[in-house]
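Coordinate inspection notes
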Amino acid sequence: MRKILLFAAFALAAYSADAQNLSGRDIIKKVKDNPDGDTRYAKMNLVLEKANGSKRERKVESWAMDIGKDTKTMMTFTYPGDVKGTGFLTWNYDEIGKDDDKWLYMPALKKTRRISGSSSKTDYFMGTDFTYDDMGDRNIDEDTHKFLRKEKCGGFDCYVVESVPKDKREIYSKKISWIRKDCFMAVKVEFYDKLGKLHRVLNVQDIKQVQGFWTRGKMEMQNVQTKHKTIITFSDMKYNLKIGSDMFNVAKLEKGI
Amino acid sequence: MRLLSSLFFVLISVAVSAQDDDGDLKVKIKGFADTYHAVRTESPNDWMSSRTRLRGELSVSKNNSELFFSANAVYNSVIPEYSGFNIRELYVSQQAGAFDIRAGRQIITWGVADALRITDLVSPMDYSEFLAQDYDDIRIPENALRVKYAKSSFALEAIAVPVIETFELPFDRKNPWAVSVTGNDSVLSAAKPDFKIKNMEFGGRLSWFLSGVDFSVCALRTFNKMPVFEMNYNSENHKVILNPKHKRMTMAGCDISLPLGKFVLRGEFAEYFGEAQQPNIYSEIVCKNTANALLGIDIYPSNDWNISLQYAHKYIGGYDNSPDISSYRSSGTATVRIAKDLFRSTLNINTFAYIDVTDGGIYDRTSLDYAVNDMLHVMLGFDYFNADKGMFKMYDKNSEIWTKIKLSF
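Summary of the structure given here.

Conventions used here
Residues numbered from 1 in each chain as written. Chains lettered and ligands numbered in written order. Predicted model: local features only at pLDDT ≥ 70, side-chain atom pairs only at ≥ 80, totals over all residues. Heavy atoms only, no water. Contact = heavy atoms within 4.5 Å. Buried area = accessible area lost by both parts, 1.4 Å probe. Salt bridge = Lys/Arg side-chain N within 4 Å of Asp/Glu carboxyl O. Helix = DSSP H or I, 4+ residues; strand = E, 2+ residues; numbered from the N terminus. Phe/Tyr/Trp six-rings, centres within 6.5 Å; stacked < 30°, edge-to-face > 60°. Buried < 20%, exposed > 50% of the residue type's maximum accessible area, 1.4 Å probe, protein only. Lys NZ or Arg CZ within 6 Å of the ring centre and 35° of its normal. Pairing = 2+ DSSP bridges. Axes fitted to C-alpha atoms, helices over the stretch in contact; angles between N-to-C directions. Disulfide = S-S within 2.5 Å. Patch = residues over 30% accessible without salt bridge, like charges linked within 9 Å, V, L, I, M, F, W, Y side chains within 5 Å. Areas by Shrake-Rupley, 256 points an atom, 1.4 Å probe, with all protein chains shown as cover. Polar contact = N/O pair within 3.5 Å; in protein donor to acceptor, adjacent residues only side chain to side chain.

Regarding the interface of chain B and chain A
Facing 46 residues of chain B, the contacting portion of chain A comprises 44 residues. Regarding the contact of chain B and chain A, the summed buried area is about 3700 Å², with carbon and sulfur atoms giving 43% of it. A per-residue breakdown of the area chain B buries against chain A is headed by Ser152, Arg344 and Asp374 of chain B, which together make up 21% of the total. Taken together, chain B and chain A are joined by nine salt bridges. Top element by residues in the side of chain B that touches chain A is strand β4 (residues 84-96) of chain B. It accounts for three residues.

Focus: the packing of aromatic side chains
This model, assessed by the stated rule, comprises 32 aromatic pairs over all chains. Their ring planes at 50° and their centres at 5.1 Å tell us that Tyr41 of chain A and Trp63 of chain A sit as a pair that is tilted. With Tyr41 of chain A in strand β1 (residues 39-49) and Trp63 of chain A in strand β2 (residues 55-67), this residue pair connects regions lying 22 residues apart in the sequence. Classification of Tyr41 of chain A as buried rests on a relative accessible area of 8%. With 5.6 Å between their ring centres and 55° between their planes, Tyr127 of chain B and Phe130 of chain B make a pair best called tilted. Accessibility expressed as a relative area gives 15% for Tyr127 of chain B, which makes it buried. A relative accessible area of 8% means that Phe130 of chain B is categorised as buried. The rings of Tyr127, Phe130, Phe167, Trp177, Phe352, Tyr354, Tyr363, Phe385, Phe392 and Tyr395 of chain B are connected pair by pair, giving a single aromatic cluster. Just above the ring of Phe156 of chain A sits the side chain of Arg180 of chain A; from NZ or CZ to the centre is 3.7 Å. The ring of Phe191 of chain A carries Arg200 of chain A above its face, with NZ or CZ at 4.3 Å from the centroid.

With respect to the pattern of salt bridges
Working definition: two side chains of opposite charge can pair if their charged atoms are close together. Under the definition given, this model contains 46 salt bridges over all chains. Arg200 of chain A is the partner of Asp134 of chain A in a salt bridge, and the nearest nitrogen-oxygen pair spans 2.7 Å. A residue pair is termed long-range when its members are at least 10 positions apart, and Asp134 of chain A in helix α3 (residues 132-135) and Arg200 of chain A in strand β11 (residues 198-210) qualify at 66 residues. The exposure class of Arg200 of chain A is buried, given its relative accessible area of 1%. Here Asp137 of chain B makes a salt bridge to Arg53 of chain B, at a shortest N to O gap of 2.9 Å. Separated by 84 residues along the polypeptide, Asp137 of chain B in helix α2 (residues 135-138) and Arg53 of chain B in strand β2 (residues 47-62) bring together distant segments of the chain. Since its relative accessible area comes to 8%, Asp137 of chain B is described here as buried.

A short note on the sheet that holds strand β11 (residues 228-234) of chain B
Residues and elements named next belong to chain B. Strand order in the open sheet formed by three strands is β8-β12-β11, and the pairing between neighbours is mixed. Looking along the sheet, the strands with just one partner apiece sit at the ends: β8 (185-187) and β11. With strand direction ignored, the average angle separating the axes of adjacent strands in the sheet is 30°. Pairing of β8 with strand β12 (residues 239-245), which is carried by three bridges, proceeds in the parallel orientation. By the bridge assignment, Asp185 is partnered in β12 with Val240.

Structural notes on the pairing of strand β19 (residues 361-371) of chain B
Residues and elements named next belong to chain B. Bridging between strand β18 (residues 347-356) and β19 involves 10 bridges; their strand directions are antiparallel. Bridge pairing links Tyr354 to Tyr363 in β19. Hairpin connection between β18 and β19: a loop of four residues separates the two successive antiparallel strands, and Gly360 in this loop has a positive phi of roughly 85°. In this structure, β19 lies alongside strand β20 (residues 376-386), joined through 10 bridges in antiparallel fashion. Looking across to β20, one finds that Ala371 is bridged to His377.

A few points about the state of the cysteines
Simply put, the disulfide is a covalent bond whose two ends are the sulfur atoms of two cysteines. Residues and elements named next belong to chain A. This structure, assessed with the given rule, holds zero disulfides over all chains. This cysteine, Cys153, is not joined by any disulfide, and Cys158 carries the nearest cysteine sulfur, 5.1 Å off. Exposure remark for Cys158: the relative accessible area of 1% places this residue in the buried category.

Notes on a nonpolar patch on the surface
Residues and elements named next belong to chain B. Judged by side-chain polarity, Ile29, Leu54, Met375, Leu407 and Phe409 come together as a nonpolar surface patch covering roughly 370 Å² of accessible area. Counting through the fold element by element, Leu407 comes out in strand β21 (residues 400-408). Accessibility expressed as a relative area gives 36% for Leu407, which makes it partly exposed.

A short note on the environment of His37 of chain B
All names here are of chain B. Here His37 lies in strand β1 (residues 26-40). Along the sequence, His37 and Met125 sit 88 residues apart, while their C-alpha atoms lie 21 Å from each other. In contact with His37, other than residues within four places in its own chain, are Trp47, Ser49, Ser50, Arg51, Ile401, Trp402 and Thr403. In this structure the side chain of His37 is engaged in a polar contact, spanning 2.9 Å, whose partner is the side chain of Ser50.

Structural notes on the pairing of strand β8 (residues 156-165) of chain A
Residue and element names in this part refer to chain A. Counting buried residues along β8, seven of its 10 residues qualify, which places the element largely inside the surrounding structure. The pairing of strand β7 (residues 143-153) with β8 spans 10 bridges and is classified as antiparallel. Across the sheet, residue Thr144 finds its bridge partner in β8, namely Val164. The antiparallel pairing of β7 with β8 creates a hairpin that spans two residues between the two strands, and Gly154 there sits at a positive phi of about 65°. Sheet topology note: the β8/strand β9 (residues 174-180) ladder contains six bridges and is antiparallel. In the strand pairing of β9, Ser163 is matched with Lys175.

The analysis is restricted to geometry; functional conclusions fall outside its scope.
So this is what it looks like as structure tokens:
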């Protein structure tokens, strides 16, 4: 979730460094280090659209809190009815190689289950075009980054950076990101499959400041091979809420926030 | 019954209108309607189940107080006695800092096992259709007081149940899932423990949720909620008369969940002190200490596969001194679950098998669940029984195919 809010990133508008002095890693680090408050809240509306135009919808509320470089996240489904109340609690660790801690609350069973923190990263999240890894927070050193060029994208001056995962088990062979120079937010990301073919394209829109933090309002991820796409719209975004780390525990997950 | 259903709708109306008056009041309504029909695959190919249900859940909360109410309105064609309106959960809760106090009829789940009970002894099971129901329908709520104190990495839970609930077992022969111990028996009316304060159920659970491991310890002063039966022969009607009994016992146990990469290991252990044992005919019920353990593994091989394996073992201590016990000294049950999501989670294929390791029987429920749209699911399934003896023998002719249509809101 933090990555969702960070992906498009938040910026230091005054921080207009020149790409010639910044490596690919430097640019991605600035994206990751963009301020996003210590705590965050958002409502997300996810629309899953098939190539034939038929749509399905998911609604989620999400809370997140940074603790050092780690992040604790709570997500609760509010729609549709069959998954309403289902919750995910994630303790996301920045340390490479350390698995996240994850719990799933199933309201029908009144039960919380500990789930694997590592295996599902490459699976798609609830049938969307976003993987669990896309939804999580990725250490920048899990990829090798290379600055490619500068060019305009969506009317904005951008740095173009190629990121190649070091772990060959990742589902993509590389991704290319267009990062806005003025706020270090990605406005477009292309994901390439293991054969080097373009697989998915992310477009980020409606970038604005909320409480002084750069925030994206809409993300569209399209699988260009299947023509399936997922549109996530954010609303009611809030930063620096007065919540403590005690909120991110299993008892809260079961009770709902 | 009409009064109860009217109360339900009045509560909803009051809650919704109250929301208009006071924006701080939060009202959440959810539920579903489903219709379920199952037919026996063997002769006489009769309908095993045919029922339609409306489930409503209402949560009304303000600040740190909450009222929760869930109820079923059911029409059952095969067993009309099961038709009607019934309350599942109805409780109030109050949160104060790290404390959460919940009082009323509620489902309490303990442990980490999946569909097997080692430490999860509080809410009993409804076997009116054996295990051929959704597992969440099988749990019976209890009138209980639960106090929970939860911090970031641990939770302490204390419960007290003034009057316990016991397993719901069908004995009416009109019900294809009727329980029979000997194959030729009749049952005296089920007797709960006396409604006395000394028969209260109480206990606690202390859980830790840490990076890389969860574990709990728990203890419960309870009863064997699944009855054992005193058995005597009635020469007048030539039947064995079963007299169900519940005896006091104490459980002390622990559980652990340990994620290891793509696997999650789960374990539970509990010692039951003074657990009543099923006697042979004409024999007295004896109580023994039993050791109960479960080991499970969840496998997440990615691509939306989900595999779960469990094995539970029971060992009766002091067995040699009690020739009147009809149960085995050691017995084992295993479960296997394999599930796969397809077509972007619109189709779920799931199979869940209970295996009676001791006697070699099996009960497997395989289903296809297709999401027509956000609200509507259509399910098709097959329940397969095969046993020459043991716990599944009485349902050996109950294999069935079933369909369910469910609309959630």
